[in-house]
Structure formats: C-alpha cells, structure tokens
Amino acid sequence: MTTPFPEPTTPARPVPPSAPPPGCPAHAGGGTAPTGPDGLRRLYGPEAETDPAGLYEKLRAEHGEVAPVLLHGDHRAWLVLGHGANIAAMRTPSLFSRDSRLWNAFRDNEVPSDSPLLPVVAWQPICVFADGDEHRRLRGALLDGLNGFDRRGIRRHVRRFTTDLVQVVGPTGRAELISQFAEHLPMLVMTKLLGMPDEYGPQLVTAARDLMKGTETAIASNEYVVAGLRRTIAIRLESPGDDLTSRLLAHPAGLTEDEVLEHLRVVLLAANETTVNLIADSLKMVLTDPRFRAHLSGGQMTLGEALDQVLWDSPPMSLVAGRWATADTELGGQRIAAGDMLLLGLAAGNVDPVVRPDLAAPLYGNRSHLSFGAGPHECPGQDIGRHVAEAGIDILLTLLPDVRLAVPEEELTWSSAWISRHLTALPVEFTARDIEPDPVSVAEAEQAEADQAKAEAKQAQQDGAAQPAVPAPRGAEQAGTAGTVAPTVPAQRRGWWGALTGLFRR
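What you see is a predicted model, and the numbers here were worked out from it, not measured in a lab.

(A) Main features of the pattern of salt bridges. Scanning all chains against the criterion turns up 23 salt bridges. A salt bridge links Arg137 to Glu259; the nearest nitrogen and oxygen atoms lie 2.8 Å apart. Here Arg137 is found in helix α7 (residues 132–147), whereas its partner Glu259 is found in helix α14 (residues 257–288), with 122 residues between them in sequence. The class of Arg137 is partly exposed, set by a relative accessible area of 24%.

Encoded structure:
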C-alpha cells in the first residue's frame, strides 16, 4: 500500500505477442550500450541496472536537477533528480499531469503495441491516471476506505500471519527472510483488509510473486488475482463487512464494480511490492548496521525511526513514471515541452546534496523524504504500509530475539531495474525453537472462517460459482502458512506480460 506505496500504476492487459519486444532486456543479451541517440544515457541495460545510484549521480553532475534520459525503446523522458524539483512536479498537476494520454510519443504513434512501457504508462480509468474532479472522486473513495482501518486491528492480522510464518522456520534455526517472510506477510495482511476469504491468502502470495517476477505463468497468475477479486466483490455485495471492498462498494462516490475491482487490484499488487521492499531493507539494516542494532538494543531508537532512515536511503520504488507536461514550461533549469514525460526520481531526490549534504548523518523521525510522494497523488496507503512493516519486524524480533545474519554482509546481493531495486536474499540463523500459535489470532481466524463459509455457501447456492483455480509456477516452493500446497498450471510462452514484469524483478 505504499504501502508504503507511491500511488501506483495498474498494468494494462492487451493480447500478448509470442516474443519479447525489441529493445527490452530479453533481446539485449547484456550488450545494451549505456548511451543511445544524441549521447543520452539509458535507464535500462546492464550498466543502468548494476549501479542505478551511480547512474543518478552521473546524470546529476552532467545536468543538474533534471536530466534527459532514454527509456526502453529509446523513448525520451526527463528524470527528475532534485528533491525540490520532484516536489514541484508532484504538487503542480496543472503543469505536470498524471494523464498519460498527453504523452507526445502516444500522439505521434511512436509506441508499438508490444512496448514493455505500456503496462506502466498506458492510460486507464482509475485514480492513478486521473486529475481534477475525477481524481478527487476516485481517490476520495479509496482514502475513506483505507482510513477506516485502525493500527490495533492491523497489528492483530500482522501478529497472526507473522506467527504463522515463523512457526514454519522456528524449529530449523535458519531462514531466508525475503522468500520466507517479506514476500508473504504484506499480501496475507492485505487479503484480510480487502475482505477476502482466508484460503485466498497463501495462493494470492504465490500468484502475485509469479506475476511480478515475469514467469511463464504470469498471465494465468494475473487472471487468478482478478478472479479472486471478482469473487470477493460478489461475496461482499451479498454480505458486506468491515473491509475495503465493502467500503468501496458502498461509498457515495458511486464506483462501479469494475472501478472497485481495478482499485482493489492496484492496492493489492502495489501494497505487496513496495511493502516487501520496505520490510526487506529494514530487516537488512537492523541486522547489519551497528548504529541501528546498538540503538535498538539500547532502547535509544524506535523501530519506526529506523524505518524513517530506510525510507530515505532505500525507497521501495526508485522512481515513478510519470508525469506529462500540459504545456511548454521549465523545471530544474530544463525546457520541458508539452507532452514530454517526467520520471519522478524518488531515490535520487532522497540523496540530493541540497537536502542531504552528509549522507552519513542520521535522519531519525525526519519524514520529508520522497518515498511516499507528495501533492494530490501522495501515497494513499502509506500509514498502513508503514505499520505492516513496523509491526511485522517487531513481532519477528520478539519471536526470534537472537536472529542474526548467516552470511557476511558483503555477500548480500540486489537486483535492479528502472523502477525499483530488490534485496535478493537475507539468510539468517537463530536458536531453534517451537513457536506457539497466537491464541487470539487463532480464535479470530476460526470465527472468520465460519462466517466466511456461511456467506460463501449462500452465494454459491445463488450463482453456482466455483472457486478459481490457483495458478502457480511449476515446482514453486510454497513458503508460508504450514500445509499449503500450490497446484500448477500449463506452461505459457513468455510474452508481453512476462517481458514487462521482468523489468520489475530480474
């Protein structure tokens, strides 16, 4: 949910071609030059993905606050590097709109139908791409729905699922905290906040991971996510509850069922992706940075303050695409033409020397970072995302108080793409122990399951609908709630959707 999540984009779903599009990493084969036409630097290819922070600093040295860059397919864009310039772009929708239909590359028919950029920038009728009254209508409903959750209720869900996940690894004395914890917790919690049946949680984790990693079954996984959301909407129409789906359906803004579906999908996937990154980077910092470990153990710094530092140093999304100029204008000393695309450089803006002359100086409690955006499109779910991450890490450290890194810190690796950077693995060890289930969570879960079974039985009698099958990659290991087994689906050729999702996670 951003969350934390900067207001995200929903991938479009055209018919996928049989091969990756020209210009994408699948065709590059490691040979993509760091510069393209007119000597502009590319935001894709091996060099850009190996050291994105280094690339941002080269661009800052060459161009200042705003730099011309090339995206996949060598489409031109402006990367906003300065903290102040980013704030200006975010807070001035009259000059820098979220309506991607303004992009001059679209107007000039320069974007092929198989471009890997389309799922990120293709316009859709949701709040992410809206401005003005329509944005206020859609975002207002989403904000009202998200703001209805209290921290205590969210923590109950986090405690339940964190305990479930730690129970699996506790007796072994070892764990890999990315694949066995961070990649599961946000989605499991979000299924409860959306009002989805319990059995959807583990399968949705598998489907979302599969979707975002661009496997051969990513299209089927996306279909499973959509089918699960449609089923949830049908259930909540019949039996409303205290959840986001019910709130959106009943909101006076009058969202259609399709609008509810698309906004739930945006929240579900964006919340998962960004909160996974926040949990992973925060765990890494707590386990490896002596400043944090000493402060935390000595009671001099809260975990929330540690998250503030992480949000400055490692924002869950490196950049957000995008904004589109509504008229000829100027930003950061550059002349921006009407229809030009701007990329909001969250990671680059967070290390702008103007606001952070000393990167080693602590920033405990300082929340003027760009990780949640600013202005009318500021992350709507940032409080929930922060709380899921903070509570999850807190409960994990309580259950495994002697958890420690199992490999030297220098052996940790990241994978990067133009939009985000991911910690690949975080192996840890601890004293092996059996973890007792949380009694309050178990009782709540049993009651919720009983209530859900009644509602589903009634709905099934009315429409005869069957639960959607769970698509999952062949041979995928299901880390998470004990006893969960994910079935497989027929293999698919890696097409347009797979090429796109490969840009997020490689």
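(B) Representation of α7 in the model. An ideal rise of 1.5 Å per residue puts 22 Å on 16 residues; α7 measures up with 21 Å between its terminal C-alpha atoms. Those residues of α7 not exposed but buried are His135, Leu138, Arg139, Ala141, Leu142, Gly145 and Leu146. In the core, the buried residues of α7 are packed alongside α13 (244–250), α14 and α18 (382–399).

(C) Broad picture of the sheet that holds strand β5 (residues 174–176). Overall, antiparallel pairing links the three strands, which are arranged β5-β13-β10 in an open sheet. Strand pairing shows two members of the sheet lacking a second neighbour, β5 and β10 (404–405), which therefore form its edges. Looking at chain direction, β5 and strand β13 (residues 427–429) are connected through three bridges and run antiparallel. Considered in β13, the bridge of Glu176 is made with Pro427.

(D) Seen up close, the nonpolar core. Membership of the largest hydrophobic core comes to 82 residues, with the highest contact counts inside it found for Leu177, Leu185, Leu194 and Leu426. Not counting residues up to four positions away in its chain, the partners in contact with Leu194 are Leu229, Thr232, Asp243, Leu244, Thr245, Leu264, Val267 and Leu268. Judged by nonpolar contacts, the second largest core, of 46 residues, contains Leu79, Leu344, Ala347 and Trp418.

(E) Focus on the pairing of strand β9 (residues 341–345). Taking burial as the measure, the five residues of β9 include five buried ones, the bulk of the element. Alternating positions in β9 separate into two faces, Met341, Leu343 and Gly345 on one and Leu342 and Leu344 on the other, with burial throughout. Inspection of the sheet shows strand β3 (residues 75–80) paired to β9 by three bridges, in the parallel sense. Among the inter-strand pairings, Leu79 is bridged to a residue of β9, identified as Leu343. One ladder, built from five bridges, connects strand β6 (residues 319–325) with β9; its direction is antiparallel. Within β9, the residue paired with Val320 across the bridge is Leu344.

Reading guide: rules and limits
Residues numbered from 1 in each chain as written. Predicted model: local features only at pLDDT ≥ 70, side-chain atom pairs only at ≥ 80, totals over all residues. Heavy atoms only, no water. Salt bridge = Lys/Arg side-chain N within 4 Å of Asp/Glu carboxyl O. Helix = DSSP H or I, 4+ residues; strand = E, 2+ residues; numbered from the N terminus. Buried < 20%, exposed > 50% of the residue type's maximum accessible area, 1.4 Å probe, protein only. Expected span 1.5 Å × (residues − 1). Contact = heavy atoms within 4.5 Å. Pairing = 2+ DSSP bridges. Core = buried A, V, L, I, M, F, W, Y, C linked by side-chain atoms within 4.5 Å.

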